[in-house]
Amino acid sequence: MNWRKWFEVKEFEFGTVEMMLIRAGFAYALWTSFFFGIAQAAQTMPVGLAHFMDLSFLQDTPTYQALRWGFAGALALWVLGVATPLATGYMLFLISAVGSLRNSYGNIHHGTQVIGMTVLGYFAGYVWSWLKKDESRSRLKRFLKPDRQDHQRATWWAMQAVAATYVVAGVSKLLISGLGWLTGLVNLPLHVEKIGLQHYFGLGDMGRYEHAKEMAAMLTSWPLTSLVVVGSGLFFELFAFWAIYSRWHAFAFGVILWGMHVVIAWLMQLEFPMNCWALGLLFVNVPFLVLWPLRRLGLNVR
């Protein structure tokens, strides 16, 4: 077996239709799932942009609705590939503002960071393409209508941002807890039952608490298996950068990390839908898989 293939780097080549479908998938996820839980928020414990500005304007319903419809317009421009530096810049600001306010009243929610990092990757890629020297196309043309290489760069940078999000998550665990993060997994059943109680006290959902007790009992009965299954997630987080080596690396890590989130949702009732969207669209790359048989049939869908 040639182990060198495991470490072989191959350049990504995204198709035009493929990249548009990726952007459309993210647009759907952002519009339907991102904006929630800010009505009760206050900046009593500032996080992010809340350190630098008053975000209470997001709690004014007419203002918020106007900003959100502006967000819809930005999504449409982004999907169509028009004025992408402006569109993604506005998206990044509103995502950051909403996320900052959501986390500034003491209840930290970390399920949307990955989508913020994804949009940051797109924004940085588009701005870089717009500002770099290119005698063949004016800066105004590059701003209004990026070409395929501009979209390629932005998609690639977004992919790197998602990989970096997982690596940082793994490194943070080690910096804060060291190997104690792994040895402490013996207490995982207690955390699982605690989350079940949170669901019960917060939502009055006894079913979730009963499920948590079942999962806690199972983890207690299989401590070594639990350590291997749950602990392996740390390994894949730390080495998520491997996903950017090639399409096959990305697909493998996408499936594994997506499976990790499925296990977390089942065991701990902690769901990360935005992570699953990012993994499905950029790592597993469902649009590519959908278009691949059409290309094999000879259709020009690039």
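Residues numbered from 1 in each chain as written. Predicted model: local features only at pLDDT ≥ 70, side-chain atom pairs only at ≥ 80, totals over all residues. Heavy atoms only, no water.

## Focus: the pattern of salt bridges
A complete count under the given rule lists six salt bridges for this structure. In this structure, Arg 137 and Asp 147 form a salt bridge, with 3.8 Å as the shortest nitrogen-oxygen distance. Here the residue Arg 137 occupies a position in the loop between α4 (113–131) and α5 (139–144), and Asp 147 occupies one in the loop between α5 and α6 (148–177), the gap between them amounting to ten residues. Overall, Asp 147 belongs to the partly exposed group, its relative accessible area being 28%. Between Glu 210 and Lys 213 there is a salt bridge, with its nearest N and O atoms 3.6 Å apart. Within this pair, Glu 210 and its partner Lys 213 are both found in helix α9 (residues 206–221), separated by three residues, close to a single helical turn. For Glu 210, a relative accessible area of 33% translates into the label partly exposed. Judged by its relative accessible area of 33%, Lys 213 falls in the partly exposed class. When salt bridges with common partners are traced through the structure, they connect Arg 137, Asp 147 and Asp 150 into a single cluster. (Salt bridge = Lys/Arg side-chain N within 4 Å of Asp/Glu carboxyl O. Helix = DSSP H or I, 4+ residues; strand = E, 2+ residues; numbered from the N terminus. Buried < 20%, exposed > 50% of the residue type's maximum accessible area, 1.4 Å probe, protein only.)

## Concerning the side chain of Gln 269
Within the secondary structure, Gln 269 is located in the loop between α11 (247–268) and α12 (273–283). For Gln 269, the residues in contact, after removing those within four places along its chain, are Gly 196, His 199, Arg 208, His 211, Ala 212 and Ile 264. (Contact = heavy atoms within 4.5 Å.)

## Looking at helix α2 (residues 61–80)
Here α2 contains 20 residues, and its C-alpha end-to-end distance of 29 Å stays within 8% of the 28 Å for a straight helix at 1.5 Å per residue. Where α2 is concerned, the buried positions are Tyr 64, Leu 67, Arg 68, Phe 71, Ala 74, Leu 75, Trp 78 and Val 79. Buried residues of α2 fall within an arc of 125 degrees about the axis and therefore sit on the same side. Away from its buried face, by an angle of more than 90 degrees, α2 presents the exposed residues Pro 62, Ala 66, Trp 69 and Leu 80. Along its buried surface, α2 packs onto α1 (16–33), α3 (84–102) and α4. Positive phi appears at Gly 81, one or two residues downstream of α2, with a value of about 80 degrees. (Expected span 1.5 Å × (residues − 1). Arc of directions from axis to C-beta.)

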